[in-house]
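Summary of the model geometry
If you want the building blocks of each chain, they are given just below.
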Amino acid sequence: MTALAHDSDGETLAAVTRRPRAARGAGRSVLIGSALVYLGLFVLLPFVVVFGEAFAKGVASYFASLADPKALAAMRLTLTVALIVVPLNLVFGVASAWAIAKYEFRGKSALVTLIDLPFAVSPVIAGLIYVLLFGARGWLGPWLREHDIPILFAVPGIVLATVFVTLPFISRELIALMQSQGRDEEETALSLGASGWQTFWRVTLPNIRWGLLYGVLLCNARAMGEFGAVSVVSGHIRGLTNTMPLHVEILYNEYNSAAAFAVASLLAVLALMTLIGRAALDARAPELRRTTLPSPNT
Amino acid sequence: MKTRRRRLPDGRTAARHAPVNSRRPSGEAPGTASGVAANGYAPREPIHYQWVFEAAAAITVGCRVISREQDSMHRAGLVGVLFALIGLAFLPVAAKAAGDRPTVTLLNVSYDPTREFYEAFNAAFAADWKRRTGETVVINQSHGGSGKQARAVIDGLDADVVTLALAYDVDALATQGKMIPADWQKRLPQNSTPYTSTIVFLVRAGNPKGIHDWSDLVRPGVGVITPNPKTSGGARWNYLAAWAYARSKPAATDASAQAFVQALFKNVPVLDSGARGSTVTFVERQVGDVLLAWENEALLAVNKLGAGKFEIVVPPQSILAEPPVSIVDKVVDRRGTRKVAEAYLAYLYTPAGQELAAKSYFRPRDATIAAKYAAQFHPVKLLTIDGDFGGWARAQARHFADGGTFDQIYGH
């Protein structure tokens, strides 16, 4: 019940927020304490271990394993994939969130469910779907082969699998935000003579920009970190179709744990940057709301 | 829809309770225009994460102040600038990738314990090919469990050559994929197997459990590490070697052999999916007393990872493990790489290739090279898959297919 009170106060019940702090003392410290211990044990400790192992053989060996051509190729591939996937999901996310939040149409709830589907499906299954679809013996495989279009076990397959897995991040973020904002501002803009395009750039986009950036951040983190689905469709060709997470696995299997953790530490840094970015956005969100949304209190 | 609508406000509200965040004392209600539910749990955001975000937020307060000064159009532009920057960082990479194209590439799809060998062999072959033809050849490698790799090639992984753990997996390319002729194994000398290996025991230093022969593996209290024969080629060799041992005892029957193997698998605490996974379990995670391993894998583990930490025990009798090689006709003909792929496999049989195999602890076929590295390989009585099990197709159907002897002993 304490958690519930925490969660709902400050939102609607101004009285709850202004309750004396002492009233919430004990439960609060227990919650904070257990959360910190939990985080320290399951998040911080592994994080420290990653860096400890990465530098186990010294700084020189750390940078040598990062500069290895195969490791560089893995980084390049991971960046390429993220660079294709994130903009794709950005466009799709904005379009779908707009449609869902601002319009009523038949099949809307089906669309929402479909968008959530990748969260429900195991990534390995996601990979296998593409094997069944594009594999040499799959539905489209023979035709693709005839026309010499590489999809599976090549970069396009990795991109497709990653798109599938990361698809919900941006749209989920935006649907919630855009629904909470309603469509009053857009309607006002339109009634004042703005074109649809102008409305999007001048009204909608500024309203959703932090939520959008937040979604992009999460989407990017997952795109770079995805293992399961990519492992199925990659073919594991070193230097060609090995993404960073796959490269970490290979290095570890070669008894090269220092190098494995060196590459893993890059992914850990990415996670840390995502976290910081996320916190920054969280910190900005109130401002955003205050300046762009008419609040009933002000 | 009400709960979802409140997701973002929730995150912020929870954050306001964080001890580090005292900068905003007055909690003005958020501007959600309408219908805020009173029971707001954030649906997919466990509340305890907020503390970490908040701590990190303190670092980024500076950014906040800066952005507060800017008008909203500028801020929207920031997103664009971010993307442009990422794009710029990426440009030279793309340019470089287009720059150095090799003349010809080969893809060798192999099983797990050959990584070190093919890394050395590929460099040697590329140098030799360059000297002979002037052509630059780049050989790409893919490693994984043998059965899984065969499956990937059938599904369309463009392997010019396959170098797998056992003939059955290459057979699958012929029977299921129709990618190579059925008599592929007769195309190259010695069953298309340029190097062989056998199954040995890797034990901890000093051999504390006194393991010398297969019969020691079924003693109670001996932890045996072997991968899953369903997925691992090496594990199938392990299984058949154990079976062959039990079958060779006086008055043995198939039933007694099955009982022996069953007792052995009772002692297996972890069944990894591949040979390399089992080695990692035994060597790095320190599980078990004895690892059933490819001889080359065991020698590698001893020499590379733990001189003085492990010992190899060669049983008096084991099995001749033949990891065969083949070009994949369908792929080389489409890619026009048949000539170089055939040369690649032929190079495995040359003294240079044989020597590299021996250096990676595979038993070479070439008598001269074998003599040179004789000290490395203990003599052992070797049964063969063709002589003692009637070939891989029969062994597979009998032991590893659904309902085979492995299912019978491990399912119960």
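Nothing here was measured: the structure is a model prediction, and the numbers come from that model.

Quick notes on the rules
Residues numbered from 1 in each chain as written. Chains lettered and ligands numbered in written order. Predicted model: local features only at pLDDT ≥ 70, side-chain atom pairs only at ≥ 80, totals over all residues. Heavy atoms only, no water. Helix = DSSP H or I, 4+ residues; strand = E, 2+ residues; numbered from the N terminus. Buried < 20%, exposed > 50% of the residue type's maximum accessible area, 1.4 Å probe, protein only. Contact = heavy atoms within 4.5 Å. Areas by Shrake-Rupley, 256 points an atom, 1.4 Å probe, with all protein chains shown as cover. Salt bridge = Lys/Arg side-chain N within 4 Å of Asp/Glu carboxyl O. Pairing = 2+ DSSP bridges. Axes fitted to C-alpha atoms, helices over the stretch in contact; angles between N-to-C directions. Phe/Tyr/Trp six-rings, centres within 6.5 Å; stacked < 30°, edge-to-face > 60°. Core = buried A, V, L, I, M, F, W, Y, C linked by side-chain atoms within 4.5 Å. pLDDT = per-residue confidence, 0-100. Parallel < 35°, antiparallel > 145°, perpendicular 65-115°, else oblique. Left-handed = near helix turned anticlockwise from the far one by under 90°. Nonpolar A, V, L, I, M, F, W, Y, C, P; charged D, E, K, R; others polar.

Summing up its helical and strand segments, chain A has 14 helices and zero strands in all. Tracing chain A from N to C terminus, the helices and strands come up as α-α-α-α-α-α-α-α-α-α-α-α-α-α. In chain A, buried positions account for 52% of the 298 residues. By sequence separation, contacts in chain A at least 24 residues apart represent 71% of the contacts at least 6 residues apart.

Before going further, it helps to spend a moment on the overall build of chain B. In terms of helices and strands, chain B carries 20 helices and 11 strands. In chain B, 74% of the contacts between residues at least 6 apart in sequence involve partners at least 24 apart. In the structure as shown, chain B presents an accessible area of about 17,100 Å², 58% of it carried by carbon and sulfur atoms.

Before going further, it helps to spend a moment on the pattern of salt bridges. Side chains carrying opposite charge are able to pair once their charged atoms draw close together. Counted according to the given criterion, the structure contains 31 salt bridges over all chains. The closest approach of N and O atoms between Glu187(A) and Arg183(A), which form a salt bridge, is 3.4 Å. Judged by relative accessible area, which is 38%, Arg183(A) ranks as partly exposed. One salt bridge connects Arg363(B) with Glu295(B), and the closest N-O pair in it is separated by 2.6 Å. Here the residue Arg363(B) occupies a position in strand 10 (residues 363-364), and Glu295(B) occupies one in helix 13 (residues 295-305), the gap between them amounting to 68 residues.

On to the sheet that holds strand 1 (residues 104-110) of chain B. All names here are of chain B. Pairing within the open sheet is mixed, and its four strands lie in the order 2-1-3-9. Each end of this open sheet is capped by a strand with a single partner; those strands are strand 2 (137-143) and strand 9 (325-327). With direction set aside, neighbouring strand axes in the sheet form an average angle of 20°. With seven bridges connecting them, strand 1 and strand 2 associate as parallel partners. Its bridge partner being in strand 2, asparagine 108 is matched across the sheet by glutamine 141. Strands in contact with helix 7 (residues 146-154) are strand 1, strand 2 and strand 3 (161-163); relative to strand 1, the strand with the most contacts, it is inclined by about 135°.

Glancing now at the packing of aromatic side chains. All names here are of chain A. Scanning the entire structure with this criterion turns up 34 aromatic pairs over all chains. With 6.1 Å between their ring centres and 5° between their planes, tyrosine 130 and phenylalanine 134 make a pair best called stacked. Within this pair, tyrosine 130 and its partner phenylalanine 134 are both found in helix 7 (residues 123-134), separated by four residues, close to a single helical turn. Of the two residues examined, tyrosine 130 and phenylalanine 134, each falls in the buried class. Seen in terms of ring centroids, phenylalanine 200 and tryptophan 201 are 5.5 Å apart; in terms of plane orientation they differ by 75°. Their pairing is edge-to-face. Note on phenylalanine 200: relative accessible area 13%, which makes it buried.

The biggest cluster of nonpolar side chains holds 113 residues, and the ones touching the most others in it are Phe125(B) and Trp214(B). Among the elements that take part in this core, helix 10 (residues 233-247) of chain B stands out by supplying nine residues, more than any other. Look past the residues within four positions of Phe125(B) in its chain and what remains in contact with it is Arg132(B), Val137(B), Ile139(B), Val340(B), Ala343(B), Tyr344(B) and Tyr347(B). In this structure, Val94(A), Ile208(A), Leu212(A) and Leu218(A) belong to the second largest nonpolar core, which totals 23 residues.

To continue, consider helix 16 (residues 351-359) of chain B. Residue and element names in this part refer to chain B. Those residues of helix 16 that sit buried are Gly353, Gln354, Glu355, Leu356, Ala357 and Ala358. Against helix 6 (115-133), strand 4 (195-204), helix 15 (338-349), strand 10 and helix 17 (367-372) lie the buried residues of helix 16. At the C-terminal side of helix 16, tyrosine 361 shows a positive phi close to 75°.

As a further point, take the pairing of strand 8 (residues 317-321) of chain B. All names here are of chain B. Of all five residues in strand 8, five are buried, a share of seventy percent or more. Pairing of strand 4 with strand 8 involves two bridges; the strand directions are antiparallel. Pairing of threonine 198 across the sheet is with leucine 320, part of strand 8.

This part covers the environment of Phe117(B). Residues and elements named next belong to chain B. For phenylalanine 117, the position within the fold is in helix 6. The sequence separation of phenylalanine 117 and phenylalanine 362 amounts to 245 residues, and the corresponding C-alpha distance is 8.8 Å. When near neighbours in sequence (up to four residues on either side) are disregarded, phenylalanine 117 contacts Tyr195, Leu348, Gly353, Leu356, Ala357, Ser360 and Phe362.

All right, on to the confidence of the model for chain B then. Residue and element names in this part refer to chain B. Summarising the model, chain B shows a mean pLDDT of 79, and 75% of its residues fall at 70 or more. Note on residues 1-73: pLDDT under 50 across the span, and 141 contacts to partners over four residues away in sequence or across chains. Below pLDDT 50 for its whole length, residues 88-100 participates in four contacts with residues either more than four positions away or in separate chains. Among the scores for the predicted complex, ipTM is 0.73 and pTM is 0.73.

This part is about the packing of helix 5 (residues 69-102) of chain A against helix 6 (residues 108-120) of chain A. Residues and elements named next belong to chain A. Close contact between helix 5 and helix 6 brings their axes to 10 Å; oriented N to C, the two are set at 150°. Here helix 5 lies roughly antiparallel to helix 6, going by the angle between them. Of the two possible hands of crossing, helix 5 and helix 6 adopt the one that is left-handed. Of the residues in helix 6, those touching helix 5 at Phe92, Ser96 and Ile100 are Lys108, Leu111, Val112 and Ile115.

Glancing now at unusual backbone geometry. The phi angle at Phe153(A) is positive, at roughly 60°, despite the residue not being glycine. Phi is positive for Ala251(B), which is not a glycine, with a value near 60°. Here Ala251(B) lies in the loop between helix 10 and helix 11 (254-266). Residue classification places Ala251(B) among the exposed positions, given a relative accessible area of 80%.

Another point: the packing of helix 12 (residues 275-283) of chain B against helix 13 of chain B. Residues and elements named next belong to chain B. With their axes 11 Å apart at the nearest point, helix 12 and helix 13 run at an angle of 40° to one another. Comparing their axes, helix 13 and helix 12 come out oblique. For the crossing formed where helix 12 meets helix 13, the hand is right-handed. Listed contacts from helix 13 to Ala275, Arg276, Thr279 and Val283 of helix 12 are Glu297, Leu300, Ala301 and Leu305. For the contact of helix 12 with helix 13, the residue count by class is five nonpolar, one polar and two charged.

Here the focus is the environment of Val85(A). Residue and element names in this part refer to chain A. Here valine 85 is to be found in helix 5. You can call valine 85 buried: its relative accessible area is 0%. Put simply, valine 85 and cysteine 219 are 134 residues apart on the chain and 8.6 Å apart in space, counted from C-alpha to C-alpha. Ignoring anything within four residues of it in the chain, the contact list for valine 85 reads Val159, Thr162, Val163, Thr166 and Ala223.

The next subject is helix 12 of chain B. By the criterion of burial, helix 12 of chain B is predominantly enclosed, with eight of the nine residues buried. Among the residues of helix 12 of chain B, those classed as buried are Ala275(B), Arg276(B), Ser278(B), Thr279(B), Val280(B), Thr281(B), Phe282(B) and Val283(B).

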